[in-house]
Amino acid sequence: MTRFFSLLVLLPLFLAATASAESGKAELPKVLCVVDSFQRGQIVLPATKELKEKAELVFPKVEAYDTGSALERIDEILGEGDWDVIYFSFGLGDLFYKDPATREIRAMSKFAGGVRVSSPEEYEDQLVQLTEKLKASGAKLIWGHTVPLIHGKTSKGEYRTFQENLFDADSPAEYNGIASRVMKRHSVSVVDFHQYVMDQFTEEERLPSFNQYAKVLTGKKAPLHAPFVETVLATIKR
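Since we're looking at a predicted model, the values are computed, not measured.

Caption draft 1: The environment of lysine 110, seen in detail. As for its placement among the helices and strands, lysine 110 is situated in the loop between strand 4 (97–98) and strand 5 (115–116). Note: C-alpha distance between lysine 110 and aspartate 168 (58 residues apart in sequence) is 9.2 Å. Not counting the four nearest positions on each side in its chain, lysine 110 is found in contact with Tyr97, Glu164, Asn165, Phe167 and Asp168. A polar side-chain atom of lysine 110 sits 2.4 Å from a polar atom in the side chain of aspartate 168.

Caption draft 2: Here's a closer look at the confidence of the model for the protein chain. Overall, the prediction assigns the protein chain a mean pLDDT of 83, with 79% of residues at 70 or greater. Low pLDDT, under 50, characterises residues 1–24; the predicted model gives this stretch 0 contacts beyond four residues in sequence or across chains.

Caption draft 3: Up close: the side chain of aspartate 168. Tracing the sequence through the fold places aspartate 168 in the loop between strand 8 (157–159) and helix 7 (171–185). Residue classification places aspartate 168 among the buried positions, given a relative accessible area of 18%. Within the local environment of aspartate 168, its side chain forms a polar contact with the side chain of tyrosine 97, the two groups lying 2.7 Å apart. One polar contact links aspartate 168 to arginine 116, side chain to side chain, over a distance of 3.0 Å.

Caption draft 4: Expanded view of the nonpolar core. Among the nonpolar cores identified, the biggest contains 61 residues, and Ile86, Phe88, Leu224 and Phe228 are the most heavily contacted of them. In this structure isoleucine 86 touches Leu32, Val34, Leu78, Leu134, Ser137, Ala139, Lys140, Leu141 and Ile142, once residues within four positions along its chain are discounted.

Caption draft 5: The packing of aromatic side chains, seen in detail. Within the structure shown, the criterion is met by 4 aromatic pairs. Where phenylalanine 88 meets tryptophan 143, the ring centres are 5.1 Å apart and the plane angle is 70 degrees; that geometry is what we call edge-to-face. Highlighted residues: phenylalanine 88 in strand 3 (residues 85–89) and tryptophan 143 in strand 6 (residues 140–144), separated in sequence by 55 residues. In terms of burial, phenylalanine 88 and tryptophan 143 fall into one category: buried. Consider the rings of phenylalanine 96 and phenylalanine 167, whose centres lie 6.3 Å apart with planes at 50 degrees: the pair is tilted. Here phenylalanine 96, found in the loop between helix 5 (92–95) and strand 4, pairs with phenylalanine 167, found in the loop between strand 8 and helix 7; they are 71 residues apart in sequence, far enough to count as distant. A single burial state applies to phenylalanine 96 and to phenylalanine 167, both of which are buried.

Caption draft 6: The arrangement of the packing of helix 6 (residues 120–135) against helix 7 in detail. Where helix 6 contacts helix 7, the axes come no closer than 10 Å and their chain directions differ by 30 degrees. If you check the angle between helix 6 and helix 7, you find them roughly parallel. The hand of the helix 6/helix 7 crossing is right-handed. Note on element contacts: helix 7 touches helix 6 through Glu174, Tyr175, Ile178, Ala179, Arg181, Val182, Met183 and Arg185, opposite Pro120, Tyr123, Glu124, Leu127, Val128 and Thr131. Along the lines of polarity and charge, the residues of the contact of helix 6 with helix 7 split into 9 nonpolar, 1 polar and 4 charged.

Caption draft 7: Up close: the sheet that holds strand 1 (residues 30–35). The strand order across the open sheet formed by 5 strands is 2-1-3-6-9, and the pairing between neighbours is parallel. On the outer flanks of this sheet lie strand 2 (56–58) and strand 9 (189–191), each paired with one strand and no other. Going from strand to strand, the sheet's axes swing by 25 degrees on average, the running direction of each strand aside. Lying on the sheet, helix 10 (residues 226–237) is in contact with strand 1, strand 2, strand 3, strand 6 and strand 9; it crosses strand 6 at an angle near 165 degrees.

Caption draft 8: Just helix 10, in detail. For helix 10, with 12 residues, the first-to-last C-alpha span of 17 Å sits near the 16 Å given by 1.5 Å per residue. All of the buried residues in helix 10 are Pro227, Phe228, Val229, Thr231, Val232, Leu233 and Thr235.

Caption draft 9: Broad picture of the pairing of strand 1. Of all 6 residues that make up strand 1, 5 are buried, and the element is covered over most of its length. Summarising the sheet, strand 1 and strand 2 pair through 3 bridges and their orientation is parallel. When the bridges of strand 2 are listed, leucine 32 appears paired with valine 58. In the classification by handedness, the crossover that spans strand 1, the intervening helix 2 (residues 37–51) and the parallel strand 2 is right-handed.

Thresholds applied
Residues numbered from 1 in each chain as written. Predicted model: local features only at pLDDT ≥ 70, side-chain atom pairs only at ≥ 80, totals over all residues. Heavy atoms only, no water. Helix = DSSP H or I, 4+ residues; strand = E, 2+ residues; numbered from the N terminus. Contact = heavy atoms within 4.5 Å. Polar contact = N/O pair within 3.5 Å; in protein donor to acceptor, adjacent residues only side chain to side chain. pLDDT = per-residue confidence, 0-100. Buried < 20%, exposed > 50% of the residue type's maximum accessible area, 1.4 Å probe, protein only. Core = buried A, V, L, I, M, F, W, Y, C linked by side-chain atoms within 4.5 Å. Phe/Tyr/Trp six-rings, centres within 6.5 Å; stacked < 30°, edge-to-face > 60°. Axes fitted to C-alpha atoms, helices over the stretch in contact; angles between N-to-C directions. Parallel < 35°, antiparallel > 145°, perpendicular 65-115°, else oblique. Left-handed = near helix turned anticlockwise from the far one by under 90°. Nonpolar A, V, L, I, M, F, W, Y, C, P; charged D, E, K, R; others polar. Pairing = 2+ DSSP bridges. Expected span 1.5 Å × (residues − 1). Right-handed = clockwise from strand over helix to strand, strands pointing away.

Written as structure tokens, this is what we have:
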């Protein structure tokens, strides 16, 4: 019985010491990832394992799929968190063609009267506003360019892009150019996924559609999330 009571006396002291040790651990840098569904699934989530115990990757409680919806929900996206780094990337959601008669974004072929979710002018204006609002949080910012949607030339002819009725093959390069100007103006670091992807293929190789890049690049031992991991680590050390 005496031993039992001794344990009862020591237990609170043990728990207090444990709590003290836990509180003494340095918190990981918090990285808020404000991205579209492609970036979330093909880049950020695959990077989680490599950044474990180096950075805490957090997704907003509300989702956004393009610059317009991100801007509308920016207060909810930022929440009350104290973010060390904010990584943001929107492109594919702005580039595809939608039904112009509906407020909600509903895909519609450009050959049937569909219009882009964001025109180049709208994209730049919305991206400027979004960047300024994110910058006002005090966090370090990282922007991610959109992967290419291109026609790959092969010896057997021309490889046609994925869902070309909803995307223009050259549009990522055009919108990445817009984003580059905005980010340069605001001194924001850029992860150039477009160039990274292109560097992995020779002109003779058949280039895949955008939703196959992750699989193909992993086979080439050049995973799509690699430049994201590198940039996040460099940013949190600054």
